[in-house]
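Observations on the three-dimensional arrangement
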Amino acid sequence: MTSMVLNKSGIYALLVISALLIGLTEFGLSGKPGSLLLTLLFWSCIAQGCIALAAACELVNARWIASLRRELLSLYPLLLLLPLLFLFLWPQLDLYPWTDHPTLWLNRPFFMLRNLAILLAVFLAGRHLAKRSLDGQTTGPAAVIYLLLFVTSQTLAAFDWVMSLVWPWISTLLGAYFFTEALYAAAATSGLLMVLYFQGKTRDTSLAVGNHLRDIGLLMFGFSVLWTGLFFAQFLLLWYGNLPEEVGYILDIISNSPGRELAWLFPFALFLAPFILLLAAPVKQNRHIIAGVSCTVLGGLFIERLCLVMPTVPLHAGALLFYNLLLIAVVLLMLHSSMHVSASAD
């Protein structure tokens, strides 16, 4: 396993190679180029969300983050993969209907420029936060800057990447919905990390893994309720307004299979399952339940992003599987190398 440990330069090289593999695969998928967009939507949620959760915990002095701080912050190089992958969207912008009649805001150059700029800014802010935190320096200002950029980036992803696909469908709530889901994904990722890496051992013997599992369980339980509140608020506005340009997009999702079935599945995964399973206090310290709920939440988020793009974007199942398995392998290798990455973060 020692030979599989990568230093910082090795991890950046791995990310570049992964981006090239995904880009070359995507260009070879004639007629079905939408898998890259879905992959970006899902992994930007996880990558940016993990650093944002660490930043928020730094600001409020959360104690449970001590066991996972190094692992969460070691994922900051993954933020660089997002702008690299986003570059490959340039030839695929024909997926967006506004390319036939560009506007001041929605045109190819400005669309690419603003999104690349915010993705790079999030990476630089995340790297700065990781360096200060892992060096034991004050992180307050760096955490605030990162969180502001994180909210901006997730809002742009909601409005630019998703909403402009289905113009004239508009939802001013979608930005808040996206960055809340990113934090929810980070809480689920933390649950998996705690179970995989720290069951039965911690760096500090005074830290109780059971108590930290309970804290993560409470966090996921709280996010399940918050997510449901935002989901219901969106539903209520659409139902009450009953405007053709708003409900038409939803009908496109739920009128045909498999969207009809998937539209019932992700509310179960993001609300009912975590709410019911984590309702009792003792189960929040059960590693198997925390792991199961974490996987369910991450799966539910992927299905929800799939439903958002499915009516308008062609998808290739094989490409989706390849992209996500590749990125999972990259993340596991980064976590394995986290001690070396954090020691040399800059």
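Rules used in this analysis
- Residues numbered from 1 in each chain as written.
- Predicted model: local features only at pLDDT ≥ 70, side-chain atom pairs only at ≥ 80, totals over all residues.
- Heavy atoms only, no water.
- Helix = DSSP H or I, 4+ residues; strand = E, 2+ residues; numbered from the N terminus.
- Buried < 20%, exposed > 50% of the residue type's maximum accessible area, 1.4 Å probe, protein only.
- Polar contact = N/O pair within 3.5 Å; in protein donor to acceptor, adjacent residues only side chain to side chain.
- Contact = heavy atoms within 4.5 Å.
- Salt bridge = Lys/Arg side-chain N within 4 Å of Asp/Glu carboxyl O.
- Phe/Tyr/Trp six-rings, centres within 6.5 Å; stacked < 30°, edge-to-face > 60°.
- Core = buried A, V, L, I, M, F, W, Y, C linked by side-chain atoms within 4.5 Å.

Side note on unusual backbone geometry
In the segment running from S257 into P258, the intervening peptide bond is cis, with an omega of 5°. In this structure, P258 sits in the loop between α9 (244–254) and α10 (259–277). Even without a glycine there, the phi angle at N242 is positive, about 50°. With relative accessibility at 54%, the residue N242 sits in the exposed group.

Re the side chain of T99
One can find T99 in the loop between α4 (78–87) and α5 (108–134). One polar contact links the side chain of T99 to the main-chain carbonyl oxygen of Y96, over a distance of 2.8 Å. If sequence neighbours within four positions are ignored, T99 has contacts with L93, D94 and R108.

What about the pattern of salt bridges?
Scanning all chains against the criterion turns up 8 salt bridges. R305 serves as the salt-bridge partner of E181, at 2.8 Å between the closest nitrogen and oxygen. Linking E181 in helix α7 (residues 174–198) with R305 in helix α11 (residues 287–309), this pair joins segments that are 124 residues apart in sequence. The exposure class of E181 is buried, given its relative accessible area of 0%. We classify R305 as buried; its relative accessible area is 1%.

Comments concerning the packing of aromatic side chains
By the definition in use, this model includes 21 aromatic pairs. Ring centres 6.4 Å apart and planes at 10° place the aromatic pair Y146 and F150 in the stacked group. Taken as a pair, Y146 and F150 lie in helix α6 (residues 140–162) at a separation of 4 residues, close to a single helical turn. The pair Y146 / F150 is uniform in exposure class, with both members buried. Feature note: the residues F86, Y96, W98, F111 and W161 constitute an aromatic cluster, connected by ring pairs.

A few points about the nonpolar core
Counting residues in hydrophobic clusters, the biggest one holds 118 residues, and the most contacted among them are L37, L79, F86, Y96, Y146, W161 and F178. Sequence-distant contacts of L79, that is, excluding residues within four places in its chain, are made with A47, Q48, I51, L119, V122, F123, G126 and Y146.

What about the environment of D160?
Mapped onto the secondary structure, D160 falls in helix α6. On the basis of relative accessibility, which here comes to 1%, the residue D160 falls in the buried class. Considering only alpha carbons, one finds D160 and N324, 164 residues apart in sequence, at a separation of 22 Å. D160 has contacts with Y96, W105, L106, F111, R114 and N115, leaving out every residue within four places of it along the chain. A polar contact is formed between the side chain of D160 and the side chain of R114, at a distance of 2.6 Å.

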